[in-house]
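Descriptive structure summary
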Amino acid sequence: MKKLAIGIVFVISCFILYAFRQNEAERNLPNKSFGTGEKVEYRVHYGFINAAEAKVEVSKNITVVNNRPCFKINVSGRTVGAFDLISRVRDTWRSYLDTTAILPRMFQRSIQENKYRKEETVVFNHTTDQAVSTIKDEVKTYNTPNNVHDIISGYFYLRTLNFDHISEGDIIEVPTFFDGQIYKLRIRYVGKDVIKTKFGKTKVLRLNPLIPDNKFFKGEGAMRLWVSDDVNKIPLKAEVELAIGSLDMDIKSFKGLQKDIVFQ
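Anyway, here's the lowdown on the structure attached to this text.

The rules behind these values
- Residues numbered from 1 in each chain as written.
- Predicted model: local features only at pLDDT ≥ 70, side-chain atom pairs only at ≥ 80, totals over all residues.
- Heavy atoms only, no water.
- Helix = DSSP H or I, 4+ residues; strand = E, 2+ residues; numbered from the N terminus.
- Buried < 20%, exposed > 50% of the residue type's maximum accessible area, 1.4 Å probe, protein only.
- Contact = heavy atoms within 4.5 Å.
- Areas by Shrake-Rupley, 256 points an atom, 1.4 Å probe, with all protein chains shown as cover.
- Salt bridge = Lys/Arg side-chain N within 4 Å of Asp/Glu carboxyl O.
- Pairing = 2+ DSSP bridges.
- Core = buried A, V, L, I, M, F, W, Y, C linked by side-chain atoms within 4.5 Å.
- Phe/Tyr/Trp six-rings, centres within 6.5 Å; stacked < 30°, edge-to-face > 60°.

Section: the overall build of the protein
- Looking only at helices and strands, the protein features three helices and 14 strands.
- Residue burial in the protein is summarised as follows: out of 264 residues, 48% are buried.
- Partitioning the intrachain contacts of the protein with sequence separation of at least 6 by distance along the chain shows that 53% fall at a separation of at least 24.
- Accessible surface, the protein: about 12800 Å² in total, of which carbon and sulfur atoms supply 48%.

Here's the deal with unusual backbone geometry
- Even without glycine at this site, asparagine 67 takes up a positive phi of about 65°.
- With respect to the helices and strands, the residue asparagine 67 is situated in the loop between strand S2 (49-65) and strand S3 (68-79).

Comments concerning the pattern of salt bridges
- Inspection of every chain in the model, using the stated rule, returns 17 salt bridges.
- Two residues, glutamate 53 and lysine 252, come together in a salt bridge whose shortest N-O distance is 3.6 Å. Taken as a pair, glutamate 53 in strand S2 and lysine 252 in strand S14 (residues 245-255) lie far apart in primary sequence, 199 residues in all.
- Glutamate 53 sits in the partly exposed class, given a relative accessible area of 24%.
- Judged by relative accessible area, lysine 252 falls into the partly exposed class, the value being 26%.
- Between arginine 224 and glutamate 241 there is a salt bridge, with its nearest N and O atoms 3.2 Å apart. Note that arginine 224 is positioned in strand S12 (residues 223-228) and glutamate 241 in strand S13 (residues 235-242), a separation of 17 residues in sequence.
- Given the relative accessible area of 29%, glutamate 241 is considered partly exposed.
- Beyond isolated ion pairs, a larger network of salt bridges with shared partners links Arg224, Lys237, Glu239, Glu241 and Asp250.

What to know about the pairing of S13
- For S13, the buried fraction is high: six of the eight residues fall into the buried class.
- Of the pairings in the sheet, the one linking S12 to S13 comprises five bridges and is antiparallel in character. The partner of methionine 223 across the bridge, within S13, is valine 240.
- Adjacent in sequence and paired antiparallel, S12 and S13 are bridged by six residues, among which lysine 233 carries a positive phi angle near 55°.
- As paired elements, S13 and S14 share six bridges and run antiparallel to each other. Bridge pairing in S14 links glutamate 241 to serine 246.

Re the nonpolar core
- Counting 55 residues, the largest nonpolar core has Tyr42, Ile152, Phe156, Leu207 and Ile234 as its most contacted members.
- For isoleucine 234, the residues in contact, after removing those within four places along its chain, are Val40, Tyr42, Tyr155, Arg159, Trp226, Val227, Ser228, Ile251, Leu257 and Ile261.

Here's the deal with the packing of aromatic side chains
- Enumeration over the complete set of coordinates arrives at 10 aromatic pairs.
- For the pair tyrosine 46 and phenylalanine 83, a centre-to-centre distance of 5.9 Å together with 70° between the ring planes defines the contact as edge-to-face. Residue tyrosine 46 is located in strand S1 (residues 39-46), and its partner phenylalanine 83 is located in helix H2 (residues 81-86); the two are separated by 37 residues in the primary sequence.
- What makes tyrosine 46 partly exposed here is its relative accessible area of 22%.
- Measuring from centroid to centroid gives 5.1 Å for phenylalanine 163 and tyrosine 189, while their planes differ by 55°, and the two rings are tilted. Taken as a pair, phenylalanine 163 in the loop between helix H3 (153-158) and strand S9 (171-178) and tyrosine 189 in strand S10 (residues 181-197) lie far apart in primary sequence, 26 residues in all.

Written as C-alpha cells, this is what we have:
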C-alpha cells in the first residue's frame, strides 16, 4: 500500500511540474491564462475506488515578496476513504509567483504522510541564480540554473505558452528546483485530441512526462496528461501506470478561470 500512496502523491505533484526555459534574468512575460481567484479541484481513482483529492487555488489577493507583486498559489493533496485509513496523506505546497516574470520568489511545503513530517521554505534569487532553503533551523544555499522553477510555478508558466509553436513529438527539458536538487524534467508534447469529461467533450493538448526508471512506475511513458486546448490550459485528466495497478485523475470542479472552457 505504500507504493499506492507514493503513486498518489506523484500524480498530484506531476500536474504542476511543467515549464519551459528562457534566458532572460528578469523577464517580462505576458499572461492571459490565469489570475487571482482561480480554483480547480481533482479526484484521484485507483480502479473504482476514490483514493485522493487535490486542489489548486490562486488567492484573491496579490502578495508582495521581496518587493515584487506575486500570485499566492496553494496546492493541496489528501487521501480519502479506505486509502486514508491505510496511508494518510495531508500535503500542502505553496508558491509565490511573480506576476510579471512568472517566476517563483518563494516556495513552501508542509508534508504530512503517516508519521512523516517536513516543513520547508525556499527563497529564490533570480539575479544571482540561487535558492535558499530553510528546514527547521537548517539554512542551505544552492546554485540554480537561469529562470529555475519550483514544482508549482513551472505549471503556471506552461499555461502562458502557445502550443501552436511547438511541434508534435518535441521533448522539452525543464530545470526545476525541489528538495535540494535540480531536476531535468522531460516532457513530450504528443499533440491535440478530444476527450470526454463530466462536463462534456472538449479539445485538449496531450502531454507525456517521461519518468526515469524506478520500481514504482511502468516505464518512462507511464504517465499521460490531457490539458485544455484553450487560453486556460488547465489539466483535465491524467493517467499513470503503477507497478501494482493504475491511477486516474479527473477534474471535479473549477471556477475563476480567465475564459470559460467550451464543452459539447
